[in-house]
Each structure stands twice: as C-alpha cells, then as structure tokens.
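Results of the structural survey
So you can see what is in the structure, the chains are spelled out below.
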Amino acid sequence: MAAAQEERFTRKKGDASFPIHAVEYCLREGGIEAGQLAYVGFYDKPLLKFERILETYLGVAPRGFQSFLQAGPLWIKEKLYMDRQIRDALGYEGEVLYAEHHESHAASAFFPSPFEEAAILTMDGVGEWATASISIGRDSDIELLDELYWPDSLGLLYSAFTYYTGFKVNSGEYKVMGLAPYGEPKYVDLIYDELIDLREDGSFTLNQKYFDYLTGLTMTNGHFNQLFGGPPRVPETKISQREMDLARSVQVVCEEIVLRMVHTAHRKTGHENLCLAGGVALNCVANGRVLREGPFKRLWIQPAAGDAGGALGVAQLIWHRQCKQPRRITPGEDSMRGAYLGPSFSPREIEDFLKSVGAVYERLDRETLIKRAGELLTQEKVIGWFNGRMEFGPRALGSRSILGDPRSSRMQAQMNLKIKFRESFRPFAPSVLRERVSDYFDLECDSPYMLLVAPVKTERQIPMTEEQRRLWGIEKLNVARSDIPAVTHVDYSARIQTVTRETNPDYYDLIKEFERLTGCPVIVNTSFNVRGEPIVCTPADAHTCFMRTHIDYLVLGPFLLDKAEQPEWQEAEDWRKQFQLD
Ligand SMILES: [Fe+2]
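Residues numbered from 1 in each chain as written. Predicted model: local features only at pLDDT ≥ 70, side-chain atom pairs only at ≥ 80, totals over all residues. Heavy atoms only, no water.

**Quick word on the overall build of the protein**
Helices and strands together make up the secondary structure of the protein, namely 22 helices and 18 strands. If you line up the protein on its principal axes, its C-alpha atoms span 65 × 65 × 50 Å. Residues classed as buried in the protein amount to 55% of the 582 residues present. Carbon and sulfur atoms make up 50% of the accessible area of the protein, which amounts to about 25000 Å² in all. (Helix = DSSP H or I, 4+ residues; strand = E, 2+ residues; numbered from the N terminus. Buried < 20%, exposed > 50% of the residue type's maximum accessible area, 1.4 Å probe, protein only. Areas by Shrake-Rupley, 256 points an atom, 1.4 Å probe, with all protein chains shown as cover.)

**Structural notes on the side chain of threonine 269**
Among the structural elements, threonine 269 can be located in helix 11 (residues 241-269). Taking the relative accessible area as the measure of exposure, threonine 269 reaches 14% and is therefore buried. Engagement of the side chain of threonine 269 in a polar contact is seen with the backbone oxygen of alanine 265, the distance being 2.7 Å. Among all residues touching threonine 269, those that are not within four sequence positions of it are Ala119, Ser135, Ile136 and Leu145. (Polar contact = N/O pair within 3.5 Å; in protein donor to acceptor, adjacent residues only side chain to side chain. Contact = heavy atoms within 4.5 Å.)

**Description of the packing of aromatic side chains**
Per the counting criterion, the structure on display carries 17 aromatic pairs. On the basis of an interplanar angle of 85 degrees and a centroid distance of 6.3 Å, the ring pair of tryptophan 300 and tyrosine 449 is categorised as edge-to-face. You can see tryptophan 300 sitting in strand 9 (residues 298-301) and its partner tyrosine 449 sitting in the loop between helix 17 (437-440) and strand 14 (452-455), a full 149 residues away along the chain. Looking at tryptophan 300, the relative accessible area reads 6%, which means it is buried. By relative accessible area, which is 4% here, tyrosine 449 ends up buried. One aromatic cluster is present, formed by Phe161, Tyr164, Tyr187, Phe211, Phe224 and Phe228 through successive ring pairs. (Phe/Tyr/Trp six-rings, centres within 6.5 Å; stacked < 30°, edge-to-face > 60°.)

**Considerations on the pairing of strand 4 (residues 130-138)**
Most of strand 4 is tucked away: eight of the nine residues are buried. Between strand 3 (residues 117-123) and strand 4, which pair antiparallel in sequence order, lie six residues. As paired elements, strand 4 and strand 5 (residues 141-149) share eight bridges and run antiparallel to each other. Considered in strand 5, the bridge of isoleucine 136 is made with glutamate 143. The antiparallel hairpin formed by strand 4 and strand 5 contains two residues in its connecting segment, where aspartate 139 sits at a positive phi of about 45 degrees. (Pairing = 2+ DSSP bridges.)

**A few points about the sheet that holds strand 17 (residues 553-556)**
Strand order in the open sheet formed by nine strands is 10-18-17-11-12-16-13-15-14, and the pairing between neighbours is mixed. Looking along the sheet, the strands with just one partner apiece sit at the ends: strand 10 (362-363) and strand 14. Pairing of strand 17 with strand 18 (residues 559-562) involves four bridges; the strand directions are antiparallel. Each residue of the ladder has a partner; that of valine 555, found in strand 18, is leucine 560. On top of the sheet, helix 20 (residues 505-518) reaches strand 11 (383-386), strand 12 (400-404), strand 13 (429-433), strand 15 (493-499) and strand 16 (522-527); it is set at about 135 degrees to strand 16, its chief contact. Packed on one face of the sheet, helix 21 (residues 539-548) meets strand 11, strand 17 and strand 18 and runs near 175 degrees to strand 17. (Axes fitted to C-alpha atoms, helices over the stretch in contact; angles between N-to-C directions.)

**Let's talk about the coordination of the iron ion**
Coordination sphere of the iron ion, protein contribution only: His101 (NE2), His105 (NE2), Asp124 (OD) and Asp307 (OD), at 2.1 to 2.3 Å. Because the angles between the four donor atoms bound to the iron ion fall within 90 to 170 degrees, the donor set is best described as irregular. The sequence pattern describing where the donors of the iron ion fall on their chain is H-x3-H-x18-D-x182-D. Of this pair, histidine 101 sits in helix 6 (residues 101-110) while aspartate 124 sits in the loop between strand 3 and strand 4, and the two are 23 residues apart along the sequence. (Donors = N, O, S within 2.8 Å, 3.2 Å for Na, K, Ca; no water. Tetrahedral: all angles 85-135°; square planar, octahedral: opposite > 155°, others 65-115°.)

**Concerning the sheet that holds strand 5**
Pairing in this open sheet of five strands is mixed, and the strands run 5-4-3-8-9 from one edge to the other. Each of the sheet's edge strands pairs with one partner strand only, and the pair in question is strand 5 and strand 9. Sheet twist, expressed as the average angle between the axes of neighbouring strands with direction ignored, equals 20 degrees. Along the sheet face, helix 12 (residues 284-293) touches strand 8 (273-277) and strand 9 and points at about 160 degrees away from the line of strand 9.

**As for the layout of surface pockets**
Estimated volume of the second largest pocket: approximately 660 Å³. Forming the boundary of the second largest pocket are 29 residues, of which Trp300, Gly332, Asp334, Asp446 and Pro448 lie nearest the centre. For the lining of the second largest pocket, the secondary-structure elements that each account for two or more residues are strand 9 and strand 15. The element best represented in the lining of the second largest pocket is strand 9, accounting for four residues. The residue makeup of the lining of the second largest pocket, split by class, is 14 nonpolar, seven polar and eight charged. (1 Å grid on protein atoms, 1.4 Å probe; cavity = no way out; pocket = protein on both sides within 12 Å on 5 of 7 lines; lining within 4 Å. Points joined across faces, edges and corners; volume = space filled by probe spheres on them. Nonpolar A, V, L, I, M, F, W, Y, C, P; charged D, E, K, R; others polar.)

**Some thoughts on the environment of proline 326**
Residue position: proline 326 is located in the loop between helix 13 (308-322) and helix 14 (347-356). A sequence separation of 186 residues divides proline 326 from serine 140, and the C-alpha atoms of the two residues are 6.1 Å apart. Filtering out sequence-adjacent residues up to four positions away, proline 326 remains in contact with Ser140 and His320.

**Looking at empty space enclosed by the protein**
Evaluated as defined, the whole model comprises two cavities of 30 Å³ or more. The space that makes up the largest cavity amounts to roughly 50 Å³. Per-class residue counts for the lining of the largest cavity are five nonpolar, three polar and no charged. Lining the second largest cavity are Pro303, Phe392, Gly393, Pro394, Arg395, Leu397 and Tyr449. When its residues are assigned to classes, the lining of the second largest cavity shows five nonpolar, one polar and one charged.

**Points about the nonpolar core**
Ranked by internal contacts, the top residues of the largest apolar core, which has 155 residues, are Leu157, Leu195 and Phe441. At 12 residues, the largest contribution of residues to this core is made by helix 11. Non-local contacts of phenylalanine 441, meaning those with residues more than four positions away in its chain, are made with Pro430, Val432, Pro455, Val456, Lys457, Ile484, Ala494 and Ile496. Of all hydrophobic cores here, the second largest spans nine residues; its members include Leu27, Ala34, Tyr92 and Val96. (Core = buried A, V, L, I, M, F, W, Y, C linked by side-chain atoms within 4.5 Å.)

**Things to note about helix 6**
A large share of helix 6 lies buried, amounting to nine of its 10 residues. Every buried residue of helix 6 is accounted for by His101, His102, Ser104, His105, Ala106, Ala107, Ser108, Ala109 and Phe110. Those residues of helix 6 hidden inside the fold are in contact with strand 3, strand 4, strand 5, strand 8, strand 9 and helix 13.

Pasting the structure below:
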C-alpha cells in the first residue's frame, strides 16, 4: 500500500535517523493509527548484528578499540533498544518482529516477483553476518540454501574502491560503475593476486591485510595505497585515468563474482527464474550481463534493492509466514506495479501551494497538458515532471523526474551543468515505450525499474573517428554516439527504463506523444533533484528545485509553469552563489 524513505521527508540524503515521517506517511496512506497495527517488523536482528560488531572489535583489539568507542555507544543506543524505540516513537504496544537482514532482502526480491518459484540471490555490504545468500522461493515460503559471511563481502570490496577513488561509500558506487567504461581493466590481475581469493562457485576470501573496515574508520589502509600506487583521490578533485582504470577493474571483478554466484544459484536450485536484491543488485551493468550471459531464463530485481527494500521484505515475511496469508501471483506482472508507493498530492493541495508562493501557472486538462509537454520536449526544453505517487527506491521512474529530448546533442551538457550542477561523466537514462525497446536497444524484456544496462542497437551507433578516440574523459562523452546521444554511454550502453501504460499512464502517454511528433519513442529521464540532495517529494520541493535551477518548465499535476513567467526568486541567486554555481 505504501512505502517511502525517511530522506525524502527530512531532505537529508541517506538519513539514518528513526523514520518517523515515513512511518506517519504510511499510516496516513493506510488510513489507520499505530495502535491498530497487528505487527511492527524490522529488517535486522539487532542482537546478532551487535554480536558481529563486538566480536569484530574485541577480536582485533586493541587496534580496533578506537572505532569501537565511536561505533559502540551509537549501536547500543540506537539498535539494541530498537524494541523500546519503536514502541515509544509510535505509541505502539504490540509485538515487534525481526527478520535477518539477508532474509529480508530475499523476501523483498521474491514475494513481489511475478514467479511462483525462483532462485534468489542477495548480495550487499553486510547485515548481521551474511554478505550474500542463495535461497529458493516457493509460493509463500523461502528456504535458505547457502550464505557467505563477513568479512568476505562483495559490497564492501566495491565500497573499498568507491572510497579509494574518492566517492562516497553507500551512494558513490553508482558513479564508480558509470566511470568504469572510460578505464582499462589494468588492475584486475593485481586484485586477483593480492586482494581476493575467488573460488569457482563465486565464494571468496578477502585479504584483510589491505582493508581497514575491520579496525579503522576508513575502508582501505596503507598497504592498499601502496599496492595501487598512492593515497585515495581527495573527493571533488579532478578524476584521473588511474581512477577510471580502478573503476573498470573493480567492475570487471564484481561482474565475474556475480556471474559465478548466479551460476551456483542455478546449479543449486535448478530453477529458470532468478530474483535479485541487496545493494549489489543496483549494479545494473552486472545485471545486464546476468541477463545476457547467465543460465537463467527470467530475471526480476527488487527496485528498492538497497536496505530501504529490507523494510518491504520483513513486512512481506510477516504477512506470509506469521499471518499465513497466501501469495497471489499474476504471471508476467510483478506486484510492485511500478513501485509508485509514495505520497501524492491533490490538484487542490498543489494549487493552494502555488498560490501561497505567488507562482504563475496554467491549469490544463490531461490531453492538452500531455500535448504541450510533448511539444516543449521537441523544442529542447527541459521539463520538471511531478506527477502522481513518488517512487520507492533510488531511481526516478516518471513521477519525480526531469525530462528532455534524447536526440539533442546539447541536452547532455545542458542538463548536467545547468540543472544537476555537476560535471558528469555519466550519461542520462532513457525511458522508452515497452513495445519499442528492441528497436533501440539490445533488450527484449521488461526493465521497468532502470536496473538493466544494454547496448544501443548497432545500426543506431555512430562509430568514433581516430581523433575522437584520442579524446579524454568527459570530452569523450560529448561526442554523439548514436541517434539518441544524450542517453548513450561511451561504451554505447544505456541504463534503460521500459514504460507501460498499465503502470504509469500519464508518463506513457507523454512518451507516446513525443513519439507521434518525432518518431522517437525515447525520452531522457533523470531524477528530480540536484547533486547531493534527495529526490523531491512534495510540490514545494519540486518548485524550489525548479526555481533554483535552469529547468524551463514545471509540470505539477495538472498545472504547467513557464520559468520565463515566474516572479523573481531571490533565494535562487543566493543559493547558486553559495554553491559557486553558474
Ligand atoms: Fe543490505
């Protein structure tokens, strides 16, 4: 019925505080109060997790003592007394149930999937002890077959390189993946020789000599620096060829591990369907290879594959296991139905807000609005598109999106510099009509959650000249690679969202209108936010983002706002100065 992440309400990215706003929203959407809840679930077993932390720190004391002092009190306060915290915060007297972290990920991957039976693979940093797991899902039950344990973790290996290449652990992994196509896999042998002992079945041992996450407060240590020839890149400084080569190398190793684990899951279960979750399942490049090269016929990935989805998993475990409720499956359709599980706002609420800030707007009927928006896109205008319920999970899927024309060669730079305020090496993602995906990409199946990367069709690719081949970094991205350059990466790949009328009719009809006008069934879709900020949630968030940036038009439900007609927005100037923008 409802799911949302706390960060969207508090406007603090990755906010780890008690999710009271998200809870209040879910209760409101369900039309009940906390006292009426049958159960409350949490997606970790706090005692088990505390045990790992204690053993880790005591096992390596006194070296690890310093970080224990820092992590310890927080853990005791926040996690061990989770029970009391939940009861106090909600005013709830009933039972609190805990599922294991990987069990929660597995549940979130299997229960909403369109499969009656499936193999389930989860991969992430760490929960209690497990870092990866293989299970079988059958009807409304899940059976665990195998686990890999801390400190051998694919998520943490990737995060170590995220840290080392100067990006933020837990969110910068996506950037490492995007940077990889610029690099050469120069360090792959070194990683296999020194960092990791990888076995045929995909399990592995990490050489702890090089990592610092056991004892220190950073991911890597002096040995690691020595091995890769220098200290980590300082965040926000220039990215060099070395970071690109490191990114490519860890991505290659990650894909190899994922593929081996996938083969093991297939061997152990004998199923043709695979479900994925856990933070590593957000690596859509690896997912694309699993689909193209792996032994499974069908693949479904939980859109909130990171820890946010754990909440969904534990709720479903309680529903099916504790409450013995059967699972209802519609073949070919998942039960996330597009993952539009967040707040929406009525036209009246939106209009009240617009009046309160003195905005200039028009109210249009649905057909006219879609016509106008489609036409604006063809004129290379950038549109903030705020429509319906907010998405659950890290991607914007056409409810809180910024849209543009993918055929435009200027669009990429314009959207990056003037709207997202970043000098990005990453191209934007395409939203494409489901029925036309194979006309543009080497993909035959659904990718509703932007979790699969596939090549742009060969006949649409524009080969590089010798001169262009010699270009470096971002300059390379500014060379048109296909007839949809704004969404084509330097390796001719694209991170695809397929759109159907059933899950998001307004968004579908907008792309359809763009297709009618141009013949092209693809538009640029990037999340509605600026760098470092969570995706917008309310009309006020969207309006602020619109006014601060160079988005040309804003669609807020049935209302259309033209930037040129808006009263002056003093705050935008101050804000841009503060961030040294423009
Ligand atoms: Fe996790």
